[in-house]
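Residue strings, one per chain:
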Amino acid sequence: MSNSSSITHFLLLPFADTRELQLWHFWLFLGIPLAALLGNDLIITSTACDQHLHTPRYFFLLNLSLLDLDCISTMVPKSMANSLWDTRDISYTGCVAQLFFFHFFISAEYSLLTIMSYDRYVAICKPLHYGSLLGSRACVHMAAAAWGAGFLTALLHTADTFSLPLCGGNAVEQFFCEIPHILKLSCSHSYLREVGLLVLSCLLALGCFVFIVGSYVQIFMAVLMISSEQGRHKAFSTCLPHLAVLSLFVSTGTFVYLKPPSFSSPSLDLVLSVLYSVVPPVVNPLIYSLRNQELKDAVRKLVTGCVSAAIHCLLSSAKGSQCRS
């Protein structure tokens with residue numbers, strides 16, 4: 001039997017047992033963050049550089065891309081390193097940091113998605129008041145509140161989880177440190193305190209979900225009252241990307257945390273965790289840019305400018321070399 005004071009490291013769940021599959025996992029997880037980095041960086045840079053995208057909608061989208069990059073950077077690099085070096089270890093401090101930052105970014109992202117639904121509600125249902133309700137100062141305050149709520153939530157859960165005595169070994173049945181799997185290692189009834197915090201968090205999340213549903217009910221009612229088909233199509237096209245991202249995030253996360261124990265198995269938990277923690281940062285840029293002409297034009301302008309600048313630098317270097325020769 002061990003306790004938390006004697007645990008110096010944890011053992012994470014590996015994706016594969018054979019060396020060949022471990023290397024396949026490494027290369028797959030190398031491609032995933034690179035794709036997320038490329039997609040989200042294009043959105044961040046385009047939104048920051050293009051004056052036409054300096055609106056509340058794209059300001060919140062920029063914050064969402066930052067959170068996606070932070071979230072995927074919390075888990076994937078360690079999992080890649082373990083597969084490459086054929087190990088399962090993560091230090092106690094590393095596990096604490098991983099759990100904290102993961103819940104920080106996930107909680108902040110959910111708060112931000114709630115704010116983005118309010119943005120769509122005001123834009124469609126109260127367009128005349130959009131500038132006053134969502135001014136630059138209000139947007140900054142809302143984004144700061146989302147990041148602050150994520151930080152406080154993660155701090156409370158992390159401090160409470162790792163204050164519990166752990167005597168169930170050090171093997172975590174997940175590829176990263178997550179609260180439910182750390183609680184399984186607890187040997188004290190004090191874990192009920194953390195369960196209580198989780199229930200409180202779920203109730204707050206449910207409140208946000210009710211707010212989102214209520215916002216979209218009013219949005220759809222307002223859209224259906226628009227007389228022109230083109231106007232309805234434009235209104236729906238601004239809401240569908242957010243709705244798709246939100247549905248992916250909520251459905252996978254809810255199933256992971258609320259699925260019946262009979263459905264639980266290490267392999268299923270592994271797949272579901274990848275779906276709600278690794279896949280969204282990759283597909284979110286695609287979802288938001290797929291039918292967004294403004295964003296596609298800004299990205300095209302950015303890429304064209306970068307390519308032109310690179311070609312200009314190469315030509316200048318070539319001419320300089322010819323002059324010296």
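We now turn to the structure provided with this report. Please read these numbers as outputs of a predicted model, since none were measured by experiment.

Next up on the list: unusual backbone geometry. The phi angle at aspartate 86 is positive, at roughly 55°, despite the residue not being glycine. Mapped onto the fold, aspartate 86 is located in the loop between α2 (56-85) and β2 (89-91).

Using the criterion set out here, one finds 20 aromatic pairs in the structure. Taking the centre distance of 5.1 Å and the plane angle of 75° together, the rings of phenylalanine 100 and phenylalanine 101 count as edge-to-face. Looking at phenylalanine 100, the relative accessible area reads 13%, which means it is buried. Given the relative accessible area of 36%, phenylalanine 101 is considered partly exposed. Judged by centre distance (6.1 Å) and plane angle (75°), the ring pair of phenylalanine 104 and tryptophan 147 falls under edge-to-face. With a gap of 43 residues between them, phenylalanine 104 in helix α3 (residues 92-125) and tryptophan 147 in helix α5 (residues 136-161) connect regions that are remote in the sequence. In this structure phenylalanine 104 comes out as buried when scored by relative accessible area, which is 11%. By relative accessible area, which is 22% here, tryptophan 147 ends up partly exposed. Chaining the aromatic ring pairs together yields one cluster made of Phe100, Phe101, Phe104, Phe105, Trp147 and Phe151.

Cut-offs used in this document
Here the residue index of a chain counts from 1 through its sequence in written order. Two thresholds apply to this predicted model, a pLDDT of at least 70 for residue-level local features and 80 or more for giving and counting side-chain atom pairs, whereas whole-chain, interface and lining totals are computed over all residues. No hydrogens and no water enter the side-chain calculation; it runs on all heavy atoms of the structure. Each helix is a run of H or I in the DSSP string that is no shorter than four residues. Each strand is a run of E no shorter than two, and both are numbered from the N terminus. Ring geometry is summarised as follows: Phe, Tyr and Trp rings, the Trp one being its six-membered ring, pair when their centres sit within 6.5 Å, and such pairs are stacked at plane angles under 30 degrees, edge-to-face over 60 and tilted between the two. We call a residue buried when its accessible area falls under 20% of the maximum for its residue type, exposed when it is over 50%, and partly exposed in between, using a 1.4 Å probe and counting protein chains only.

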